[in-house]
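# Commentary on secondary and tertiary structure
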Amino acid sequence: MPDHRFSFSLIILLLIITLQCWAIADITLYATDFSNATGWETNSPSSFYFDEKTGRYHYQITGGTGSYAYYPLPEPFTGPFTLEFDVYPILTEEKSSFRFGLGTDGYDSQKGPVIIAELYNQNGEKAFALTSITKENLRSQTFSIPGKGNYGGKTVRFTDGDEYRIRLTWYPAERRVSMTVTEPGDNTPLFSHFVMVTGKLEDFTHLFLTSVGEGQNGRKAEGFIDNVSLTSQAMVKTTPEPTITTRENTPIPTLITSVTSIPDADSDSTLSWENADHEDVNGIYPTQKRTPLPTPPIPVPTEKTGLFPLIVILGVGTVFIFFRSY
């Protein structure tokens, strides 16, 4: 009978491992290849719309217009996630920016919680940029320009007319948001960096493109997005972002491993390209002063990750009972 006991125990163990893997599998919150734009809404149909000819979603983000387009998630979402999408900029004028990410109702690029990827064209720099703003309105930001937001690699610029694949990942356990840019079909990073976060990034409710919050009046960024995918995981791997090894032998970025000082969230100071020398050493600084928000409710997790301990208990109990019977 010992052989039977061993076989039974092995089956129980394999069952536990299988159910554990199922519990941490990716959960797709939203995905579209824009065969249509079902569920997308906008306050400017002439600027944001589904383009049947290209099978993509058209954007024209014009400063000063307050225009936006959004997709509402079924329910508020809190937890680790990965947002991936393709962007094809056609025209990004001086002092304009493409902005797409995850936030809340209001679609404000300056009000947290928000995580946004940008194609940022100020002073002709045409930089990739990552911005996160917490509920306390603490901003963390980095650019693909050395010295901007503690990026230490080689300058990486986007080019209108080229297509890019962007991945944003939020690691709550590490308080880190990362951004990786590649060319579609090529996993070699063109730009990869991250920012550290102090504060709450939770209760996301909308995906959106927006001109709300900043932008030079009348300056526009135009192009298309496609292949949007928002996934959640019960556990996000904590391995570092891939080292950038481009054809130009781009130097490895200097990564931030800790936050040493955080400015007062009520401060009136803000970071701009003109006063970048005053940025906090960790790339975190307060946004423009706003009326404090009431204390947010305790977030309700959208993922059920407590299944594994119960499975273990049931499995051990079953094995114990089986052995007692012999």
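The written sequence of each chain sets the order in which its residues are numbered from 1. Only residues with pLDDT of 70 or above have their local features reported here, since the model is predicted, and side-chain atom pairs are shown and tallied only from 80 upward, although totals for entire chains, interfaces and linings are computed over all residues. Computation of side-chain values: all heavy atoms of the structure, hydrogens and water removed.

Turning to the overall build of the protein, a few remarks are in order. The secondary structure content of the protein amounts to two helices and 16 strands. A burial count over the protein gives 48% of its 326 residues as buried. Pairs at least 24 residues apart make up 71% of the contacts formed inside the protein by residues separated by at least 6 positions. Of the roughly 16100 Å² that the protein leaves accessible, carbon and sulfur atoms contribute 55%. Elements are defined by DSSP. Helices are runs of H or I of four residues or more, strands are runs of E of two residues or more, and each kind is numbered from the N terminus. Classification of residues uses two cut-offs on accessible area relative to the type maximum, computed with a 1.4 Å probe and protein chains only: under 20% is buried, over 50% is exposed, and between them is partly exposed. Whether two residues touch is decided by their heavy atoms; if any such pair falls within 4.5 Å, the residues are in contact. In this description, accessible areas are obtained by the Shrake-Rupley approach with a 1.4 Å probe, and a residue is regarded as covered only by the protein chains that are shown.

Attention shifts here to the side chain of E118. Within the secondary structure, E118 sits in strand β8 (residues 114-121). The class for E118 is buried, based on a relative accessible area of 3%. E118 has contacts with S97, F98, R99, A127, F128, A129, T131, Q141, M179 and E214, leaving out every residue within four places of it along the chain.

Attention now moves to the environment of V195. With respect to the element layout, V195 can be found in strand β13 (residues 191-196). Overall, the relative accessible area of 2% leaves V195 in the buried class. A sequence separation of 17 residues divides V195 from S178, and the C-alpha atoms of the two residues are 6.5 Å apart. If we skip the residues at most four places from it in the chain, V195 touches L130, S132, S140, Q141, T142, R175, R176 and V177.

What follows is about the pattern of salt bridges. Salt bridge, as applied in this entry: a Lys or Arg side-chain nitrogen positioned within 4 Å of an Asp or Glu carboxyl oxygen. Following the criterion strictly, the structure yields nine salt bridges and no others. E163 is paired through a salt bridge with R56; the nearest N and O atoms lie 3.3 Å apart. With E163 in the loop between β10 (138-143) and β11 (164-171) and R56 in strand β4 (residues 56-62), the pair connects residues that are 107 residues apart, well separated along the chain. For R165, the salt bridge identified is with D86, shortest N-O distance 3.1 Å. You can see R165 sitting in strand β11 and its partner D86 sitting in strand β6 (residues 81-92), a full 79 residues away along the chain. Neither residue differs from the other here; R165 and D86 are each classed as buried. What you see here is one network of salt bridges that share partners, running through E84, D86 and R165.

To continue, consider the nonpolar core. One broad trend across soluble globular proteins is that nonpolar side chains are buried collectively. Think of a nonpolar core as a cluster: buried Ala, Val, Leu, Ile, Met, Phe, Trp, Tyr and Cys residues, connected wherever their side-chain atoms sit within 4.5 Å. Of all hydrophobic cores here, the largest spans 46 residues; its most connected members are W40, F98, F100, L209 and I225. Leaving out residues up to four positions away in the same chain, F98 has contacts with Y59, I61, F85, V87, A117, E118, L119, L209, A221 and I225. Of all hydrophobic cores here, the second largest spans eight residues; its members include Y68, Y70, V114 and F208.

In this fold, S44 is placed in the loop between β2 (41-42) and β3 (49-51). Sequence-distant contacts of S44, that is, excluding residues within four places in its chain, are made with S67 and Y68.

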